[in-house]
Amino acid sequence: MAQAVEVRSLTSDGPSRSGLRQIQRTLTKWLWGDAIGEERKLIRKLDFFILTYSCLSYFFNKLDRAAFANAYVAGLKEALQLEGNQYNILLSMVTAGMLVGQVPNSLVIQKVAPRIWLPSMVLLWAALTALSAACKTFAQLCVVRLFQGVAESSTYAGCICVMESWYKSDEISMRTAILTITGQVGNMCAGAMMAAIYASLDGRLGLDGWQWVFIIDGIITCPIAFFGFAFFPDLPETTKAPYLNKLEKDLALSRLPAKMEDGHNIAPWSLAKRVLGQPTFYICCGFSVLGSALQAYQVQGLMLLYLKARQHIDGWSQAEINTLPLGTQALGIVVELLCATVIDRSSRRLATGLGLCLIQLVCSIILFVPSMTVAGNLAALYLAATSNGINPLLYGWSSIIASRGGDDAARSTILAGMVAFDMLLYTFWGIVLYPADDAPYWRNGYIAMVCVVAALSGWLFLVRWLDKFTLKKLVERPHGQELEVLGVEGAGERPQRIE
């Protein structure tokens, strides 16, 4: 009898264990693809040190920016006697600083080790965030936020540039998606974290709650910088990371296309010719503008504005207005990961982009109908959150294309330019097409989105042409360089499949 029970126990555990093993294999393939042995070990190390630092720094980057909005409603407005459009001016000061700092920060890491420069910028913006608590006038806060924007501009493009130097073409989209998602999570967490700080510390040591918001936010950011100083590995050709042995350093170099001998040259005239003399810069920056415009419904928070505008008509409570839009952020995160997986595993970049455009077109048609029901409008606004899936396609595909020349300085400049044009777009796009006063119906915005969908659908074919063009140039390099490229593929870089 005991033996029978034991047999039944073993057989019943079998499917369970088999299912767990299948889940483990699925997760392993999702994270590390087909890499095995030393290559998988290397990728795990890169994920732990590069991806962890990049995600945490971008998380706190978004958290620090969100801290201002929380401080503003927690007493900053009254303490500094802000009025009129001064709040919008303070937001614009950060944007201006980030626009100014994008390209310089991306060029500095060509000469100063990213392990030194990027964490230094984290410390600088953490200090400036904390310093905001000491500001007594509007003018002082403007200056602090301008320099804060310059420091924070180093994070996103800088981290993507370093990541692209280590990860292969079938690995980068997922890591780009994870990086972007952590920033979104930072925005989601900001309100709860800052509310807790305000509630527990308001009045302590003679400081108001809004001042503690800035101080604590600056303090908790600092450990990320120290982690970066200690463990960020720089670039494969210059790394001195103690956790990588010689075999792993050689493997990291062999996995990726060869670099130009003069690829870190940032002399202005030489760099301008290498960047502006090629179609990559123009096509990728145009791609960035259109990809960012595709996310307008989500970026401008139309669901929140829609619910607020209809609060008295439909009886929405303030709690419902605050919580219902959270579903769009959750859906956006899921779709972003799904798109990154599809891109990395199948290279179906064009099909992914066209699919996302089609969804936004359907949403715009639904929203454009003035007599559409509340349920129809909410469904369309939820579905519009799928536009977040463009992010891993946008920066992943552009990074792959820009890296093929082996010119790190040009690649960094192109990525920084993309981020700058993205930010420049939203200095006017939302104001012109999605003003809050138009809620709950943005006729001009819906028409603009249809135009964006049409333009981006055509632009995707232009990006695919650029992909094929740069790949052909890579294969047709001079004989000595061609051997290096063949060596790369022999070490594990599979030839890229282009639709």
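Only a predicted model underlies this, so the values are computations on that prediction, with no experimental measurement involved. (Residues numbered from 1 in each chain as written. Predicted model: local features only at pLDDT ≥ 70, side-chain atom pairs only at ≥ 80, totals over all residues. Heavy atoms only, no water.)

### Some words on helix H18 (residues 374–383)
No. 1: Within H18, burial applies to Gly376, Asn377, Leu378, Ala380 and Leu381.
No. 2: Those residues of H18 hidden inside the fold are in contact with helix H13 (302–309), helix H16 (326–346) and helix H17 (349–368). (Buried < 20%, exposed > 50% of the residue type's maximum accessible area, 1.4 Å probe, protein only. Helix = DSSP H or I, 4+ residues; strand = E, 2+ residues; numbered from the N terminus. Contact = heavy atoms within 4.5 Å.)

### Some details on unusual backbone geometry
As a rule of thumb, non-glycine residues mostly have phi less than zero, and peptide bonds are mostly trans rather than cis.
No. 1: Geometrically, the link from Ala439 to Pro440 is a cis peptide bond, its omega value of 10° lying close to zero.
No. 2: Mapped onto the fold, Pro440 is located in the loop between helix H21 (429–433) and helix H22 (443–475).
No. 3: With a phi close to 60°, Ser347 is a non-glycine residue in the positive phi region.
No. 4: In this fold, Ser347 is placed in the loop between H16 and H17.
No. 5: Residue classification places Ser347 among the buried residues on the basis of a relative accessible area of 12%.

### Considerations on the nonpolar core
No. 1: Grouped together as the largest cluster of nonpolar side chains are 126 residues, with contacts concentrated most on Leu76, Trp429 and Tyr434.
No. 2: With 19 residues, the top contributor of residues to this core is helix H2 (residues 37–79).
No. 3: Excluding its chain neighbours within four sequence positions, the residues that come into contact with Trp429 are Ala293, Ala296, Tyr434, Ala448 and Val452. (Core = buried A, V, L, I, M, F, W, Y, C linked by side-chain atoms within 4.5 Å.)

### Points about the side chain of Thr155
No. 1: Mapped onto the secondary structure, Thr155 falls in helix H6 (residues 155–166).
No. 2: With residues up to four places along the chain from it excluded, the contact list for Thr155 reads Ser57, Tyr58, Asn61 and Trp125.

### Comments concerning the packing of H16 against H17
No. 1: It is at 9 Å that the axes of H16 and H17 come closest, and there the two elements cross at 155°. Classed by the angle they form, the pair H16 and H17 counts as roughly antiparallel. Note that H16 runs across H17; the crossing there is right-handed. In this structure, H16 uses Val335, Cys339, Val342 and Ile343 to contact H17, whose residues at the interface are Arg349, Thr352 and Leu356. (Axes fitted to C-alpha atoms, helices over the stretch in contact; angles between N-to-C directions. Parallel < 35°, antiparallel > 145°, perpendicular 65-115°, else oblique. Left-handed = near helix turned anticlockwise from the far one by under 90°.)

### A short note on the pattern of salt bridges
No. 1: By the definition in use, this model includes 11 salt bridges.
No. 2: Where Glu39 meets Lys168, a salt bridge forms, and the shortest distance between an N and an O atom there is 3.1 Å. Linking Glu39 in helix H2 with Lys168 in the loop between H6 and helix H7 (172–201), this pair joins segments that are 129 residues apart in sequence. Summarising the burial analysis for this pair, Glu39 and Lys168 share the class buried.
No. 3: In this structure, Asp408 engages Arg411 in a salt bridge whose closest nitrogen and oxygen atoms are separated by 2.7 Å. (Salt bridge = Lys/Arg side-chain N within 4 Å of Asp/Glu carboxyl O.)

### Description of the packing of aromatic side chains
No. 1: Applying the stated criterion to the full structure yields 16 aromatic pairs.
No. 2: Ring centres of Phe287 and Trp397 lie 6.3 Å apart, and the angle between their planes is 85°; this geometry places the pair in the edge-to-face category. You can see Phe287 sitting in helix H11 (residues 279–293) and its partner Trp397 sitting in helix H19 (residues 390–403), a full 110 residues away along the chain.
No. 3: Phe287 sits in the buried class, given a relative accessible area of 0%.
No. 4: Relative accessible area serves as the criterion here: at 2%, Trp397 is assigned to the buried category.
No. 5: Of the aromatic side chains, those joined through ring pairs into one cluster are Phe48, Phe49, Phe227, Phe231 and Tyr243. (Phe/Tyr/Trp six-rings, centres within 6.5 Å; stacked < 30°, edge-to-face > 60°.)

### Some points on the side chain of Asn388
No. 1: Secondary-structure assignment places Asn388 in the loop between H18 and H19.
No. 2: For Asn388, a relative accessible area of 5% puts it in the buried group.
No. 3: Sequence-distant contacts of Asn388, defined by excluding residues within four places in its chain, comprise Gln184, Gln295, Gln298, Gly332 and Glu336.

### Quick notes on the environment of Val453
No. 1: Positionally, Val453 belongs in helix H22.
No. 2: Using a relative accessible area of 5% as the deciding quantity, one classes Val453 as buried.
No. 3: Counting along the chain gives 92 residues from Val453 to Leu361, while the straight-line C-alpha distance between them is 6.5 Å.
No. 4: With near-sequence residues (within four places) excluded, Val453 lies in contact with Leu294, Cys357, Gln360 and Leu361.

### What about the confidence of the model for the chain?
No. 1: The predicted model of the chain averages 83 in pLDDT, with 87% of residues at 70 or higher.
No. 2: Ranking the helices and strands of the chain by mean pLDDT puts H17 first, with 96, and helix H23 (residues 479–490) last, with 36.
No. 3: In this model residues 1–12 is a low-confidence stretch, pLDDT under 50, and it forms zero contacts with partners more than four residues away in sequence or in other chains. (pLDDT = per-residue confidence, 0-100.)

### Overview of the UniProt feature "transmembrane region" (unreviewed entry) in the chain
No. 1: With numbering aligned to this structure, UniProt lists the feature "transmembrane region" (unreviewed entry) at residues 87–104, 116–135, 177–198, 210–232, 350–369, 381–402, 414–434 and 446–466.
No. 2: Summarising residues 87–104: 100% helix, 0% strand, and an end-to-end C-alpha distance of 27 Å.
No. 3: Each end of residues 210–232 is marked by a C-alpha atom, and these two atoms are 33 Å apart; helix forms 96% of the span and strand 0%. (UniProt positions renumbered as here; feature names shortened; annotations may be inferred.)

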